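# Architecture and fold: a report
Next come the chains, spelled out residue by residue.
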Amino acid sequence: VQLQASGGGLVQTGGSLRLSCAASGRTFSSYAMSWFRQAPGKEREFVAAISWNGGSTYYSDSVKGRFTISRDNAKNTVYLQMNSLKPEDTAVYYCAASRMAVVTTVVGNDYWGQGTLVTVSS
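Residues numbered from 1 in each chain as written. Predicted model: local features only at pLDDT ≥ 70, side-chain atom pairs only at ≥ 80, totals over all residues. Heavy atoms only, no water.

### Quick look at the overall build of the chain
If you tally the helices and strands in the chain, you get zero helices and 11 strands. From first element to last, N terminus to C terminus, the chain shows the α and β order β-β-β-β-β-β-β-β-β-β-β. C-alpha atoms of the chain, sized along the principal axes, occupy 40 × 25 × 25 Å. Partitioning the contacts of the chain with sequence separation of at least 6, the portion at a separation of at least 24 is 57%. (Helix = DSSP H or I, 4+ residues; strand = E, 2+ residues; numbered from the N terminus. Contact = heavy atoms within 4.5 Å.)

### Examining the environment of Gln81
Relative to the helices and strands, Gln81 resides in strand E8 (residues 77-82). Using a relative accessible area of 27% as the deciding quantity, one classes Gln81 as partly exposed. Between the C-alpha atoms of Gln81 and Ser29, which are 52 residues apart in sequence, the distance is 20 Å. Setting aside anything within four residues of it in sequence, one finds Gln81 in contact with Ser16, Leu17, Arg18, Arg66, Phe67 and Thr68. Engagement of the side chain of Gln81 in a polar contact is seen with the side chain of Asn83, the distance being 2.9 Å. (Buried < 20%, exposed > 50% of the residue type's maximum accessible area, 1.4 Å probe, protein only. Polar contact = N/O pair within 3.5 Å; in protein donor to acceptor, adjacent residues only side chain to side chain.)

### Digging into the sheet that holds strand E7 (residues 67-72)
Reading across the sheet, the four strands line up as E1-E3-E8-E7 and stay open at both edges, with antiparallel pairing between neighbours. The open sheet terminates on both sides in strands that have one partner only, identified here as strand E1 (3-6) and E7. Sheet twist, expressed as the mean angle between neighbouring strand axes with direction ignored, is 15°. Of the strand pairs in this sheet, E1 and strand E3 (residues 17-23) are connected by four bridges, and their pairing is antiparallel. (Pairing = 2+ DSSP bridges. Axes fitted to C-alpha atoms, helices over the stretch in contact; angles between N-to-C directions.)

### Here's the deal with the environment of Glu88
Within the secondary structure, Glu88 is located in the loop between E8 and strand E9 (91-98). Once the C-alpha coordinates of Glu88 and Met33 are considered, the two residues, 55 residues apart in sequence, prove to be 23 Å apart.

### Observations regarding the pattern of salt bridges
Tallied over the full model, the rule gives five salt bridges. A salt bridge links Arg66 to Asp89; the shortest N-O distance between them is 2.8 Å. You can see Arg66 sitting in the loop between strand E6 (57-59) and E7 and its partner Asp89 sitting in the loop between E8 and E9, a full 23 residues away along the chain. Taken as a pair, Arg66 and Asp89 share a single burial class, namely buried. Residue Asp110 is joined to Arg99 by a salt bridge in which the shortest nitrogen-to-oxygen separation is 3.2 Å. One end of the pair, Asp110, is in the loop between E9 and strand E10 (111-112); the other, Arg99, is in the loop between E9 and E10, and 11 residues separate them in sequence. A relative accessible area of 29% means that Asp110 is categorised as partly exposed. (Salt bridge = Lys/Arg side-chain N within 4 Å of Asp/Glu carboxyl O.)

These figures come from the coordinates and say nothing about function on their own.
Shown next, in the form of structure tokens:
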């Protein structure tokens, strides 16, 4: 599986962005998908995840209530809708795929996208 993240950019505090992660291959629907982020000088951290059929979603406490993860298996794409953005959301956002159940840690995901930069100005 190859993953291509897009949709990052510069936005003001309180604004919104929607990230997309397009996957190649015909087995996308069998993968749990996640978003992680890495701010400058910090470790990569979990943001959100969704089960293979979209039936279960998971969020970090820092984004719960502001971000929404979703997927469209017909389009081989997972999304991250980000609302009420804060400067501390500034990071490179990565999508990841797991052949097993949802994995909320960096270790355990099988495939990674290249990352898309989100910058939130104050």
